[in-house]
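These are the residues of each chain, in order.
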Amino acid sequence: MNKVLVTGTSVAEEFLAPLLSAGFTVSNPTHLLSENELIEELRDATAYLLGGDEVATRAALAQAEGLKVIAFLGVGYESFIDTAAAKELGIPVTYTPGTLTASVAEFTIGQLINANRRLTQYTNSYRRGEREVEQKQRDLISRTIGIVGLGTIGTHIAGILSSGFGATVNYYSRTRKHDEEARLGIGYLPLRELATQSDALIVMTPGNDTTYGLVDTDLVSLLPNGTLLVNTARPAIVTSRALAQGLADGKISVAVYDGFYDGPEAAPLLQEFGEDRLLITGHIASLTSDARDGMSKMAVRSILNVMTNGADEHFIP
């Protein structure tokens, strides 16, 4: 078998050329595969470049007897790959660290500015012919911004907000980063204290079993009234109930999500809270040519590395 399965539409043909030159065939279905379709595609696959929203479940991996490597396009692999099953089955998984840091940080800060200055609201009201409804907003320098998760992207965001905007920035992370605190001039706070002291909260922690539901109704109740919430991580890190409660009681003035809840809880939220207070995009934070092309090159290189010598520098930690 020498088939490489590529899912999603982000990987341009030009970046798949090295696989073809190495003697592999490429299967690239452009629609979102169901679990059964993924199982069938993986039956005769040697490698899998996961660039779509498919989930490589235990059931799918267990039947992929010839699969030698999964190359994940991005960093948030926890939501898309049963890594425990992959490890048990001896299937190495790679990811593409560093390739989307700039794009996601830029997007997150852009959406923070959007929410802070009510740009979407004022753009829509102007097009409707509504005038003289504008109110004074605040500069970011007067905000105290909390970041939940200080990985590579969170650190980049903290640096831009602290050094570029002069904002007061604190963070919570499972591992305290003393060196980054000193370098960036930011503070560490326990999660509950971070909530009480942040009038803008950025959620930038990986989505997994330990972080889903991390921001719950109890935590949201600690926020100052009128807090801005920007969740560029997985929606489920903030419970839908916490979001609804925060928007209803004014703890959250504007919430920004990149990607939204998939379950039945989504519709009531969309119906109750309009576009002025609930800003949603479709998981596009890393949708730049710089980020996606960089991820594609790295993922393809990882597949070739594993298939050639069984090693790669980007195995998941």
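Please refer to the structure higher up on the page.
Draft legend 1. Looking closely at the nonpolar core. Judged by nonpolar contacts, the single largest core of 48 residues is most densely connected at Leu 112, Ile 157, Leu 161 and Ile 202. Sort the elements by how many residues they give to this core and helix α13 (residues 289-309) lands first, with seven residues. Core analysis: the second largest hydrophobic core is formed by 28 residues, Leu 219, Val 220, Ile 252 and Phe 260 among them.

Draft legend 2. How the structure looks around the sheet that holds strand β5 (residues 93-94). If you walk across this open sheet you meet the five strands as β2-β1-β3-β4-β5, and the pairing is parallel. The open sheet is flanked by β2 (25-27) and β5, the only strands paired with a single partner. Two elements, strand β4 (residues 69-72) and β5, share two bridges in a ladder whose sense is parallel. Within the sheet, the bridge partner assigned to Ala 71 lies in β5 and is Thr 94. Taken strand by strand, helix α1 (residues 13-21) contacts β1 (3-7) and β2, and its axis lies near 135 degrees from that of β2.

Draft legend 3. Seen up close, the side chain of Ser 198. Within the secondary structure, Ser 198 sits in the loop between α9 (191-197) and β9 (200-203). Residue classification places Ser 198 among the buried residues on the basis of a relative accessible area of 0%. Once residues within four sequence positions are removed from consideration, Ser 198 is found in contact with Thr 144, Ile 145, Gly 146, Leu 223, Pro 224 and Thr 227.

Draft legend 4. Looking closely at the packing of aromatic side chains. With the rule as written, the count across this model stands at seven aromatic pairs. With a centroid separation of 5.4 Å and 70 degrees between ring planes, the pair formed by Tyr 171 and Tyr 188 is classed as edge-to-face. Placement of Tyr 171 in strand β7 (residues 168-172) and of Tyr 188 in strand β8 (residues 187-188) is noted, with a sequence separation of 17 residues between them. Tyr 171 gets classed as buried once you look at its relative accessible area, which sits at 0%. Judged by relative accessible area, Tyr 188 falls into the partly exposed class, the value being 24%. Between the aromatic rings of Tyr 257 and Phe 260, the centroid separation amounts to 5.3 Å while the plane-to-plane angle is 80 degrees, which identifies the pairing as edge-to-face. Residue class for Tyr 257 comes out buried when judged on its relative accessible area of 0%. According to the relative accessible area criterion, Phe 260 is buried, its value standing at 13%.

Draft legend 5. Spatial organisation of unusual backbone geometry. The residue Arg 118 is not glycine, and still its phi comes out positive at about 55 degrees. Positionally, Arg 118 belongs in the loop between α5 (101-117) and α6 (119-127). Its relative accessible area of 17% is what places Arg 118 among the buried residues. Even without glycine at this site, His 283 takes up a positive phi of about 55 degrees. Positionally, His 283 belongs in the loop between β12 (278-281) and α13.

Draft legend 6. Spatial organisation of the sheet that holds strand β11 (residues 252-258). Strand order in the open sheet formed by seven strands is β8-β7-β6-β9-β10-β11-β12, with parallel pairing between adjacent strands. Strands with a single pairing partner mark the edges of an open sheet, and in this sheet they are β8 and β12. Along the sheet, α5 makes contact with β6 (144-148), β9, β10 (227-231), β11 and β12, crossing β10 at roughly 150 degrees.

Draft legend 7. Structural view of the environment of Phe 80. Along the chain, Phe 80 falls in the loop between β4 and α4 (83-88). Those residues within four positions of Phe 80 in sequence are excluded, and the remaining contacts are Leu 50, Gly 52, Asp 53, Glu 54, Val 55, Ala 56, Phe 72 and Arg 234.

Draft legend 8. Up close: the side chain of Arg 234. You can see Arg 234 is positioned in the loop between β10 and α11 (240-249). A polar atom in the side chain of Arg 234 sits 3.5 Å from the side chain of His 283. Those residues in contact with Arg 234 that sit more than four places away from it in its chain are Gly 76, Ser 79, Phe 80, Gly 207, Tyr 212 and His 283.

Definitions and cut-offs
Residues numbered from 1 in each chain as written. Predicted model: local features only at pLDDT ≥ 70, side-chain atom pairs only at ≥ 80, totals over all residues. Heavy atoms only, no water. Core = buried A, V, L, I, M, F, W, Y, C linked by side-chain atoms within 4.5 Å. Buried < 20%, exposed > 50% of the residue type's maximum accessible area, 1.4 Å probe, protein only. Helix = DSSP H or I, 4+ residues; strand = E, 2+ residues; numbered from the N terminus. Pairing = 2+ DSSP bridges. Contact = heavy atoms within 4.5 Å. Axes fitted to C-alpha atoms, helices over the stretch in contact; angles between N-to-C directions. Phe/Tyr/Trp six-rings, centres within 6.5 Å; stacked < 30°, edge-to-face > 60°. Polar contact = N/O pair within 3.5 Å; in protein donor to acceptor, adjacent residues only side chain to side chain.

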